[in-house]
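Here is what each chain is made of, one letter per residue.
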Amino acid sequence: MEAAGERFRQAARQGRLHQLSSTEFTVPGISAGNVVRWVYEYGMVTNQDGRAIYDRIKAAPLDERCPLCGHGVVSTLDHFLPKRMFPALCVDPLNLVPACRDCNHAKGEGLPSAAESTPLHPYLDRVDHDSWLEARVVDSSPIWLDFFVSPPPAWEQVLVDRARHHFALFGLAPLFAVQANRIVSNIRQQLTEMLDTGGEDMVRAYLSAEADSRLAHQLNGWEGVTYRALARDRAFCSGAFIS
Ligand SMILES: [Zn+2]
């Protein structure tokens, strides 16, 4: 299982997870079902000592938010490479990705068919040092934001394609847009008062400060990106939020 883990890491570094053959990730002499049952389920999920490790992996992400969508609350561990096909990786910590229920369901048990359709791995693909999430106001009544992947120029095309695939697979654009709409509803009264007393400059300054604080915490967090998009929108700052 350690050797399988090393093959998994090497393939991830080389961007060829989609080429892995499940026959290299079995445990000789033991069926996949038995490996998963005895090592993962009895050894880790229900065993007291193993469960402590399971819970530590589950609690690891920032704010205990699902690292696949950055929004949902972690409720499970997702096997990045499915455990039935890759039983030798069933308890490898790097193959156990904390996930919310929706992302776990969306990802399913499939294996990516190409490099471009491999979802981003939150620990193996360190993309969060770069700013890649962007949004713009596309409608003002009601306010609706379009979220999209805006990759830095240094990214290779395959990483751009993977980020866009990840975005679509987990339905991040509509998920973030609905949340952004809630933010606007919650601050509408406050913004209206600011517009009355300090004009659009006051509204913009407030939104920018909120964006900076959130983006300092999480560079690609949907909340910071929402405030930044609102601050950059002239019509919004000058009162489009009132309608
Ligand atoms: Zn999620």
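From a predicted model like this one, the values you see are computed outputs, not experimental measurements.

Draft legend 1. Local environment of unusual backbone geometry. Here the phi dihedral of glutamate 64 falls at roughly 55 degrees; this positive angle occurs in a residue that is not glycine. Judged by the 11 C-beta atoms lying within 10 Å of it, glutamate 64 falls in the exposed class.

Draft legend 2. Expanded view of the domain arrangement of the chain. Its domain assignment divides the chain into domain 1 (2-112) and domain 2 (133-242). With centres defined by C-alpha atoms, the gap from domain 1 to domain 2 works out at 33 Å. For the side of domain 1 that touches domain 2, the class distribution of residues is five nonpolar, three polar and no charged.

Draft legend 3. Fine view of the environment of glutamate 116. With respect to the secondary-structure elements, glutamate 116 resides in the loop between helix H4 (101-107) and strand S3 (133-140). Of the residues examined, glutamate 116 has 16 C-beta atoms within 10 Å and is grouped as partly exposed. Distance from glutamate 116 to arginine 164, taken between C-alpha atoms, is 9.0 Å for residues 48 residues apart in sequence. Beyond its immediate chain neighbours, meaning those up to four positions away, glutamate 116 contacts Val158, Asp161, Arg162 and His165.

Draft legend 4. Main features of the pairing of strand S2 (residues 96-99). Burial of S2 is two-sided: the residues Leu96 and Pro98 facing one way and the residues Val97 and Ala99 facing the other way are all buried. Sheet topology note: the strand S1 (residues 76-79)/S2 ladder contains four bridges and is antiparallel. Of the residues in S2, the one forming a bridge with aspartate 78 is valine 97.

Draft legend 5. Molecular detail of the packing of helix H6 (residues 172-217) against helix H7 (residues 222-232). Between H6 and H7, the least distance of the axes is 7 Å, while the angle of their chain directions is 35 degrees. Crossing of H6 over H7 shows right-handed handedness. Of the residues in H7, those touching H6 at Phe176, Gln179, Ala180, Ile183, Arg204, Leu207, Ser208, Glu210, Ala211, Arg214 and Leu215 are Trp222, Glu223, Gly224, Thr226, Tyr227, Arg228, Leu230 and Ala231. Looking at side-chain class alone, the contact of H6 with H7 contains ten nonpolar, four polar and five charged residues.

What counts and how
- Residues numbered from 1 in each chain as written.
- Predicted model: local features only at pLDDT ≥ 70, side-chain atom pairs only at ≥ 80, totals over all residues.
- Buried ≥ 20, exposed ≤ 12 C-beta atoms within 10 Å, placed from the backbone.
- Domains from an automatic or database assignment.
- Nonpolar A, V, L, I, M, F, W, Y, C, P; charged D, E, K, R; others polar.
- Helix = DSSP H or I, 4+ residues; strand = E, 2+ residues; numbered from the N terminus.
- Contact = placed C-beta atoms within 7 Å.
- Pairing = 2+ DSSP bridges.
- Axes fitted to C-alpha atoms, helices over the stretch in contact; angles between N-to-C directions.
- Left-handed = near helix turned anticlockwise from the far one by under 90°.

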